[in-house]
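The primary structure of each chain is shown beneath.
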Amino acid sequence: MVPRKSCYNWWLWQGLDYFSSCLTIPFLHLLSLCLSCYYQTTFDRQQLRVLFLRYAVGGPILLMMTIMISPLAFIGYVIWVALCSFCVQQPFIYVDSDEHHSSVVTRKCPSAFTICSSNVILIPEILVRYNNNRNVYWRAQEIPTRFMRHQTPSLNVMRNLREPVKREDIVQSWLPDIDVIMLQEVFERLRGRQLYNKFSKKYPYCLYNAGQHSLKTNLCLMGSGLFIASRFPIMEASFHPFSYSTKYAKFVGYGVLLAKLYLGMKSTKDESMKAVGYVGNTHTQAYQGKDRVIVHQMEEARSWLNEFVKETHNPQEEVLMFVVFGGDINSDNMSPGDSAVQNLSLWEEYEDPCRESAGHDKPWTVGTEHRQKLLHHPFMQYPETFRDILLDDVQRRYFLLDADVEEQTPDLMKCVPKPDSNGIVGATECGGRRRVDCLTLRRDSKVSPTSMWFSSSLAGLTDHVPVAFMLEEV
């Protein structure tokens with residue numbers, strides 16, 4: 001569908017949506033903060049005075065306020081359920097701050113494109129603390145600031161995938177100059193708007209608050225948390241929720257957010273045509289246990305992306321430059337417990353620059369999923385020191401998960417690196433290499449990956465390592 005700036009086709013429904021939010025959002029934040037007062041992170045244990053104040057003063061006050069406004073929140077939730085049940089909604093919020101549409105239409109298509117993906121864990125504070133992360137209200141301001149300030153065009157000229165590929169070229173404390181940002185776990189509408197406000201000068205086109213809400217799919221609770229910000233105009237967009245999930249994910253609308261981008265005019269031998277690109281941003285369910293949830297969700301995401309391209313691409317008028325699929329897939333290409341995902345036919349259709357074959361990553365890759373118990377370590381707070389950790393085969397094991405996962409359970413949040421028979425934690429082939437964040441390119445694209453980056457730029461702000469790649473005509 002062509003995205004519109006209102007999620008509803010009538011102003012009254014939009015007004016009721018806003019009214020419902022005003023009634024429910026204060027309750028949700030107060031409840032989250034109240035529960036947070038009684039949940040310790042490893043950082044809290046260093047601040048005993050603050051802990052006492054939270055337990056004895058902050059928690060009781062917040063609880064009283066939560067109880068007082070709970071009737072209003074109930075009314076707001078009933079209104080929201082009614083809107084989800086009886087009104088046609090656009091399954092995302094679209095915003096566009098570009099004031100120069102005329103110049104955009106006629107501009108020339110560039111020869112290179114850089115795309116970045118990261119899970120930023122902008123979720124309610126109690127869930128942030130459960131993941132041992134830092135205050136979401138502070139991070140929601142700091143993450144887009146770091147994203148904008150830690151980009152440098154000097155990385156874009158490196159072409160670091162040319163042989164011989166060196167890990168110190170791939171792992172960087174900065175980000176390249178990025179064209180499209182795909183984020184996961186931006187669950188609240190307010191957080192999406194905060195990101196857009198910081199991004200809008202460089203990325204005027206944005207999709208956030210993606211989700212299809214119903215009592216059947218997610219009890220009209222949390223959306224997908226998927227977010228896309230782009231330098232290029234968004235021509236069409238779509239969202240699809242996964243049809244199968246288990247456990248806690250039944251309250252979350254995980255799925256895939258799709259966007260068609262206008263890249264500019266492309267000159268061919270006989271004429272000038274519109275150049276377009278497609279991106280698919282996804283986040284699959286974590287901790288699937290013995291179920292094959294991720295296999296099912298990845299196959300659905302690929303199918304929906306390919307169908308979206310087929311339905312919206314006009315070969316007579318458009319040149320298809322790329323189809324990119326990525327996000328947080330909550331599985332890696334090396335762990336034995338993820339073998340079902342590693343052998344999907346998706347990898348034959350889409351190229352992952354970091355993948356050698358099923359079960360084997362390129363030797364220069366590093367992991368992207370943190371050991372959450374060490375998120376507050378001093379070395380994890382600064383991009384430069386965290387980059388040094390990523391480059392060290394032994395140190396990396398202490399701070400990132402090993403790619404030796406047998407089964408995905410919540411125990412991964414607490415596990416420590418396994419020592420050898422002598423009790424020593426040393427370098428191993430899978431050490432600190434659980435790479436759950438990925439970017440892939442459909443093999444029929446007119447561009448190829450020429451650079452790849454694992455960036456420590458968001459050190460101290462999230463529990464994932466951002467990944468980015470550059471695509472060029474070669």
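Residues numbered from 1 in each chain as written. Predicted model: local features only at pLDDT ≥ 70, side-chain atom pairs only at ≥ 80, totals over all residues. Heavy atoms only, no water.

> How should I be thinking about the pattern of salt bridges in this particular structure?
When the charged atoms of two side chains lie near each other, side chains of opposite charge can form a pair. This model, assessed by the stated rule, comprises 24 salt bridges. The salt bridge involving Lys202 is made with Asp177; its shortest N-O contact spans 2.6 Å. Of this pair, Lys202 sits in the loop between helix H7 (189–199) and strand S5 (205–208) while Asp177 is found in the loop between strand S3 (171–172) and strand S4 (180–186), placing the two residues 25 residues apart along the sequence. Across the pair Arg396 and Asp393 runs a salt bridge, and its minimum N-O distance is 3.1 Å. Classification of Asp393 by relative accessible area gives partly exposed; the value is 34%. Members of the salt-bridge network, linked through shared partners, are Asp177, Asp179, Lys202 and Arg231. (Salt bridge = Lys/Arg side-chain N within 4 Å of Asp/Glu carboxyl O. Helix = DSSP H or I, 4+ residues; strand = E, 2+ residues; numbered from the N terminus. Buried < 20%, exposed > 50% of the residue type's maximum accessible area, 1.4 Å probe, protein only.)

> Explain a nonpolar patch on the surface here, please?
Taken together, Phe52, Leu53, Val57, Ile61 and Met65 make up a surface patch of nonpolar side chains, about 480 Å² in accessible area. The class of Val57 is partly exposed, set by a relative accessible area of 40%. (Patch = residues over 30% accessible without salt bridge, like charges linked within 9 Å, V, L, I, M, F, W, Y side chains within 5 Å. Areas by Shrake-Rupley, 256 points an atom, 1.4 Å probe, with all protein chains shown as cover.)

> Explanation requested: the sheet that holds strand S15 (residues 448–455) in the structure shown.
Sheets are built from strands paired through backbone hydrogen bonds, the pairs being either parallel or antiparallel. The strand order S1-S5-S6-S4-S2-S16-S15-S3 describes an open sheet built from eight strands, whose pairing is mixed. Every interior strand has two partners, whereas the edge strands, strand S1 (93–96) and S3, have only one. Where strand S2 (residues 112–122) lies against strand S16 (residues 467–472), six bridges are found, and the strand directions are antiparallel. Residue pairing for S16: Ile115 is matched across the bridge by Phe469. Where H7 meets the sheet, its contacts fall on S1, S2, S4, S5 and strand S6 (227–230), and the angle it forms with S4 comes to roughly 155°. (Pairing = 2+ DSSP bridges. Contact = heavy atoms within 4.5 Å. Axes fitted to C-alpha atoms, helices over the stretch in contact; angles between N-to-C directions.)

> How do you make sense of helix H11 (residues 383–391) when you look at a structure like this?
Residues that lie three or four places apart on an α-helix share one face, since the helix turns once every 3.6 residues. Of all the positions in H11, only Pro383, Phe386, Arg387, Ile389 and Leu390 are classed as buried. For H11, the angular spread of buried residues about the axis comes to 160°, placing them on one side. Buried residues in H11 make contact with helix H5 (136–149), helix H6 (167–170), S3 and helix H12 (395–399). (Arc of directions from axis to C-beta.)

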